[in-house]
Amino acid sequence: MFRSTLNRFLNKWKSYRHRFVPWIALNLSKNEKTLRQVSERSKDKLTPDAEVSRALLQLFGVLLDRAEHRDARGAQNNFKRLTGQEDHCRGDLICGHDAMFQTLGFCIDRKPSSLAFAGTGVFVTKGLVPKGAIVAMYPGTVYQPYEPIFFQSIRNPFVFRCIDGVLIDGNDKGISKMVFRSCSGRDRVGFFMLSDVSWLTNDPLNPLAVGQYVNNCSNERPANVCYQEYDVPDKFPIELRQYLPNVNFRQEVQAPLRCVVLVSLRDIIAGEELFSNYYTIVH
Ligand SMILES: C[S@@+](CC[C@H](N)C(=O)[O-])C[C@H]1O[C@@H](n2cnc3c(N)ncnc32)[C@H](O)[C@@H]1O
């Protein structure tokens, strides 16, 4: 009895592992030339973690500065409204894209893909992305390899598998969306949220958090970005974690929070669509 239940479970487990990457499973044989080969795990990093931290801290710092500036201006306007001297000037408020342009020198955004039938893609809309830059982040709920993701993974093309088997569910709809919201609402330190839920909307506070919409490369459209894992260091400031688009499924995970960034493989100019490689072979 126990053995047959276990067998049924194992069979289900096997087939559900295939569902993570249905698109890859169907298309891999067509695109063998485009597979990314990495000789060992540590060689998967094109840009050092310190450089990833530096770019994120710079962008998040400007986002926080602007948010505080807006809050202060809002409080001032409330006071002026109460005293009848309301100031309607919005001043030089800067949005996420301006912050991105100011700190990283480029902007990215979601738009219909340049490939037929590929849905939405991500484009560089302004500026120049230099080789080795952090172009985007892959948002979503982070599952350790032993944690349950069966229901969230059904017909879900957004489940990203890290080299060590950690999974990131970047789907912004349905049950995946509810899970992210619930985990994000759970985790906070004092007043500070430890993750950002706005990537689930059309206007993410952190404009990098659209990496889940980057499409796969092909023989005709080679990859211009690649995925790189980034474990958030302990010293990452608490007040800036509110812009991280990832949260652990289980609160009690001891490991650092896993994020995935997309790094440019070459200079990318405005107007180009980003293409990654959905499949990396580690020898
Ligand atoms: C992670 S999603 C990427 C975002 C997707 N384009 C969308 O609009 O939701 C992966 C899915 O995008 C589509 N896709 C990605 N790369 C593609 C390509 N080169 N050609 C056609 N479809 C592609 C496939 O449907 C795949 O299952």
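Residues numbered from 1 in each chain as written. Predicted model: local features only at pLDDT ≥ 70, side-chain atom pairs only at ≥ 80, totals over all residues. Heavy atoms only, no water.

Chemist: Is there a simple way to explain the site of the ligand in this structure?
Modeler: Close to the ligand lie 13 residues, the nearest being A118, T120, Q212, N215 and N216. Between A118 and the ligand, the recorded distance is 2.6 Å, taken from a backbone N or O atom to a nitrogen atom. Within the backbone of T120, an N or O atom sits 2.7 Å from a nitrogen atom of the ligand. For the ligand, whose unbound accessible area comes to 560 Å², protein coverage reaches 79%. For the shell around the ligand, the class distribution of residues is eight nonpolar, five polar and no charged. (Near = heavy atom within 4 Å. Polar contact = N/O pair within 3.5 Å; in protein donor to acceptor, adjacent residues only side chain to side chain. Areas by Shrake-Rupley, 256 points an atom, 1.4 Å probe, with all protein chains shown as cover. Nonpolar A, V, L, I, M, F, W, Y, C, P; charged D, E, K, R; others polar.)

Chemist: Sorry if this is basic, but what is going on with the sheet that holds strand β13 (residues 258-264) here?
Modeler: Hydrogen bonds along the backbone pair up the strands of a sheet, which may run parallel or antiparallel. Pairing in this open sheet of three strands is antiparallel, and the strands run β4-β13-β11 from one edge to the other. The open sheet has two free edges, formed respectively by β4 (134-137) and β11 (225-231), since each of these has just one partner strand. Shown here is a sheet whose adjacent strand axes are inclined to one another by a mean of 35°, direction ignored. Two elements, β4 and β13, share three bridges in a ladder whose sense is antiparallel. Bridging across to β13, A136 finds its partner in L262. (Pairing = 2+ DSSP bridges. Helix = DSSP H or I, 4+ residues; strand = E, 2+ residues; numbered from the N terminus. Axes fitted to C-alpha atoms, helices over the stretch in contact; angles between N-to-C directions.)

Chemist: Hey, could you run me through the UniProt feature "domain: SET" (unreviewed entry) in the protein chain in this one?
Modeler: Per the UniProt record, "domain: SET" (unreviewed entry) is annotated on residues 104-279. Within the segment residues 104-279, helix and strand shares are 10% and 33% respectively, and the terminal C-alpha atoms sit 27 Å apart. (UniProt positions renumbered as here; feature names shortened; annotations may be inferred.)

Chemist: Is there a simple way to explain helix α4 (residues 96-104) in this structure?
Modeler: Turning to α4, its buried residues number three or more, namely G96, A99, M100, T103 and L104. Buried positions in α4, seen along its axis, are confined to an arc of 100° and lie on one side of it. Residue G105 follows α4 closely and has a positive phi angle near 90°. (Buried < 20%, exposed > 50% of the residue type's maximum accessible area, 1.4 Å probe, protein only. Arc of directions from axis to C-beta.)

Chemist: Can you help me understand the environment of P204 in this one?
Modeler: Relative to the assigned elements, P204 resides in the loop between β9 (192-193) and β10 (215-216). Residue P204 is classed as buried on the basis of its relative accessible area, which comes to 17%. Other than its neighbours up to four places away in sequence, P204 contacts R110, S198, W199 and V210. (Contact = heavy atoms within 4.5 Å.)

Chemist: Teacher, can you tell me more about the pattern of salt bridges here?
Modeler: Side chains that differ in sign of charge can pair as their charged atoms come close. Taken as a whole, this structure holds eight salt bridges when the rule is applied. With a shortest N-O distance of 2.9 Å, E51 and R54 are connected by a salt bridge. With a gap of three residues between them, E51 and R54 both fall in helix α3 (residues 49-82), about one helical turn apart. Residue E51 is classed as partly exposed on the basis of its relative accessible area, which comes to 30%. Residue R54 is classed as partly exposed on the basis of its relative accessible area of 43%. Between R266 and E272 there is a salt bridge, with its nearest N and O atoms 2.8 Å apart. Given a relative accessible area of 22%, E272 falls into the partly exposed group. Each of the salt bridges in this network shares a partner with another, and the network as a whole consists of D164, E229, D231 and R258. (Salt bridge = Lys/Arg side-chain N within 4 Å of Asp/Glu carboxyl O.)

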